[in-house]
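# Residue-level structure breakdown
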Amino acid sequence: MVRMSADERRESVIRAAMSEFARGGYHGTSTEAIAKRVGVSQPYLFRLFPGKKAIFLAAAERCVEDTIHTFEEAAKGLEGEEALHAMANAYVTVIAERPERLMMQMQTYVAVAAAEEEGDHAFGESVRAGWMRLWDVHLPLGADVNETTTFMAYGMLINCLVAMGFPPEHRVWEGLYPSARVTGRLEK
C-alpha cells in the first residue's frame, strides 16, 4: 500500500469535508465523520488542521477555487457574451453532476450567517474574500460591474432553484438565458 504524504492526506480531508459539510452543514457535521470518511483518526485530523472551523474554511475555500477554475476553463479563449454563456453552461453542468459543490456553497452561506449572529466576524471575512475572488473572475472578460452583478445574481438564482429541487421543465427556468437553464442536466 502506498503511503500518502501529509499534503495528499490534507487534500483528501478537504474533499471529504466538502462532502460531509455539504450534507450536514457546519454544526451538523462532526470531525469524527470526516476522519472516518478519510480513514484517519481524529487526532491525526487535528495534526493537519487546528480545528473544525479550519477544516470547514479549507473546504469552503476549495469550493470557491473549484468554481473559479470551472469559470476560467470554460471562458478560456472567449470574450464577452460568448464567455458568459460558456461559464454559465459550465457552472450549471458542474452543479448537476456534482451536487455536493452546490450544497457546500449553500451550507457556507448559512454557516457565515450563523457565525455572524454569534459575533464571529472572522469566519465570514474568510468566506467573503473567496466570494470576491469569484466575483473578480468575470471582470477580465470585459464585463462591467452591472454585467458581473447580473451574472452572479443569475448564479445565485440557479443555486436556489436547484437546491429547492425545481425540475428542469418547471416554468421558473424560462426567464433565464438559455445557457443558464438546467434543461435535462438535473434529471436523475
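Residues numbered from 1 in each chain as written. Predicted model: local features only at pLDDT ≥ 70, side-chain atom pairs only at ≥ 80, totals over all residues. Heavy atoms only, no water.

## So, the overall build of the chain
Assigned secondary structure in the chain consists of 8 helices and 0 strands. Computed over the C-alpha atoms, the radius of gyration of the chain is 18 Å, within 12% of the 16 Å expected from 2.2 N^0.38 for a compact globule of 188 residues. In the chain, which comprises 188 residues, the share counted as buried stands at 45%. Nonlocal contacts in the chain, meaning residues at least 24 apart in sequence, comprise 60% of its contacts between residues at least 6 apart. Summed over all atoms, the accessible surface of the chain reaches about 10200 Å², with 56% contributed by carbon and sulfur. Counting 20 positive and 26 negative side-chain charges, the chain places the averaged centre of each group 9 Å from the other. (Helix = DSSP H or I, 4+ residues; strand = E, 2+ residues; numbered from the N terminus. Rg over C-alpha atoms; globule rule 2.2 N^0.38 Å. Buried < 20%, exposed > 50% of the residue type's maximum accessible area, 1.4 Å probe, protein only. Contact = heavy atoms within 4.5 Å. Areas by Shrake-Rupley, 256 points an atom, 1.4 Å probe, with all protein chains shown as cover. Lys, Arg positive; Asp, Glu negative; His and termini not counted. Charge placed at Lys NZ, Arg CZ, Asp CG, Glu CD.)

## Here we look at the environment of G142
Of note, G142 is situated in the loop between α7 (121-138) and α8 (145-163). For G142, a relative accessible area of 60% translates into the label exposed. A C-alpha to C-alpha distance of 37 Å links G142 and V13, two positions 129 residues apart in sequence.

## What to know about the nonpolar core
Formed by 28 residues in total, the largest nonpolar core has its most connected members in V13, F21, I34, I55, M104 and F123. Mapped by element, the contributors of at least two residues to this core are α1 (6-24), α2 (31-38), α3 (42-48), α4 (52-75), α6 (99-117) and α7. Setting aside anything within four residues of it in sequence, one finds I34 in contact with V13, A16, A17, E20, F21, T29, L45 and I55. Ranked by size, the runner-up nonpolar core spans 26 residues in total, among them M87, M106, W135 and F151. (Core = buried A, V, L, I, M, F, W, Y, C linked by side-chain atoms within 4.5 Å.)

## Topic: α7
Compared with the 26 Å implied by 1.5 Å per residue over 18 residues, the 27 Å span of α7 between its first and last C-alpha is a close match. The set of residues buried in α7 consists of F123, G124, V127, G130, L134, W135, V137 and H138. All buried residues of α7 lie within an arc of 150° about the axis, which places them on one face of the element. Against α4, α5 (80-97), α6 and α8 lie the buried residues of α7. One side-chain oxygen at the N-terminal end of α7 lies 3.3 Å from the backbone nitrogen of A122; it belongs to D120. (Expected span 1.5 Å × (residues − 1). Arc of directions from axis to C-beta. Polar contact = N/O pair within 3.5 Å; in protein donor to acceptor, adjacent residues only side chain to side chain.)

## Focus: the packing of aromatic side chains
Ring pairs (aromatic) are described by centroid distance and by the angle formed between their planes. Inspection of the entire model under this criterion finds 8 aromatic pairs. Relative to F56, the ring of Y26 lies with its centre 5.2 Å away and its plane at 80°, an arrangement referred to as edge-to-face. Of the two residues, Y26 is situated in the loop between α1 and α2 and F56 in helix α4; the sequence distance between them amounts to 30 residues. By relative accessible area, Y26 is classed as buried at 18%. F56 gets classed as buried once you look at its relative accessible area, which sits at 0%. For the ring pair F71 and F151, a centre distance of 5.4 Å and an interplane angle of 65° mean the geometry is edge-to-face. With F71 in helix α4 and F151 in helix α8, the pair connects residues that are 80 residues apart, well separated along the chain. For F71, a relative accessible area of 5% corresponds to the buried category. An aromatic cluster of at least three residues, connected via ring pairs, comprises F21, Y26, F56 and F123. The ring of Y26 has K52 sitting right over it, with the charged end atom 4.8 Å from the ring centre. (Phe/Tyr/Trp six-rings, centres within 6.5 Å; stacked < 30°, edge-to-face > 60°. Lys NZ or Arg CZ within 6 Å of the ring centre and 35° of its normal.)

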